[in-house]
Amino acid sequence: MDINEYMEGYDRSFDEDEFDLRIWEYMQQEDFELTEEFENFLKEYSIENVHQFLKIIRMKKMRKSLN
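Here's a quick rundown of the structure. As the structure is a prediction and not an experimental result, all values here were calculated from the model.

Looking now at the overall build of the chain. Scanning the chain for helices and strands turns up four helices and zero strands. Rg of the C-alpha trace for the chain: 12 Å, near the compact-globule value of 11 Å for 67 residues, within the 12% margin. A buried classification covers 28% of the 67 residues belonging to the chain. Summed over its atoms, the accessible surface of the chain is roughly 5,100 Å², and 48% of this surface lies on carbon and sulfur atoms.

Counting 14 residues, the largest nonpolar core has M7, I23, F38, F41, L42 and F53 as its most contacted members. Sorting the residues of this core by element identifies α1 (3–6), α2 (16–27), α3 (36–44) and α4 (50–66) as the ones contributing at least two each. Take this core: its biggest share by element is four residues, from α2. Leaving out residues up to four positions away in the same chain, F53 has contacts with D20, I23, W24, M27, L42 and I47.

Now for the packing of aromatic side chains. Using the criterion set out here, one finds seven aromatic pairs in the structure. Between Y6 and Y26 the ring centres are 5.1 Å apart and the planes differ by 50°, which places this aromatic pair in the tilted class. In this pair, Y6 sits in helix α1 while Y26 sits in helix α2, placing the two residues 20 residues apart along the sequence. Centre to centre, the rings of F19 and Y45 are 4.6 Å apart; their planes meet at 50°, and the pair counts as tilted. Linking F19 in helix α2 with Y45 in the loop between α3 and α4, this pair joins segments that are 26 residues apart in sequence. Owing to a relative accessible area of 1%, F19 belongs among the buried residues under this scheme. Cluster of aromatic residues (ring-pair linked, three or more members): Y6, Y26, F32 and F38.

Procedures and definitions
- Residues numbered from 1 in each chain as written.
- Predicted model: local features only at pLDDT ≥ 70, side-chain atom pairs only at ≥ 80, totals over all residues.
- Heavy atoms only, no water.
- Helix = DSSP H or I, 4+ residues; strand = E, 2+ residues; numbered from the N terminus.
- Rg over C-alpha atoms; globule rule 2.2 N^0.38 Å.
- Buried < 20%, exposed > 50% of the residue type's maximum accessible area, 1.4 Å probe, protein only.
- Areas by Shrake-Rupley, 256 points an atom, 1.4 Å probe, with all protein chains shown as cover.
- Core = buried A, V, L, I, M, F, W, Y, C linked by side-chain atoms within 4.5 Å.
- Contact = heavy atoms within 4.5 Å.
- Phe/Tyr/Trp six-rings, centres within 6.5 Å; stacked < 30°, edge-to-face > 60°.

This is how it looks when you write it as structure tokens:
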């Protein structure tokens, strides 16, 4: 499925955590492929690349486990 279709209705400025979780779920799909389209989607939301996004997810998980 196209990342833009999958993320339709989600806005990072409205709820960053929900937006990031939705991207993470997209990446967990069996047929996920790291494409230029996906990278460009991340860049549209000021996420430099997939590695930066994974750092964000890791930090959020660590922060959640500390609470």
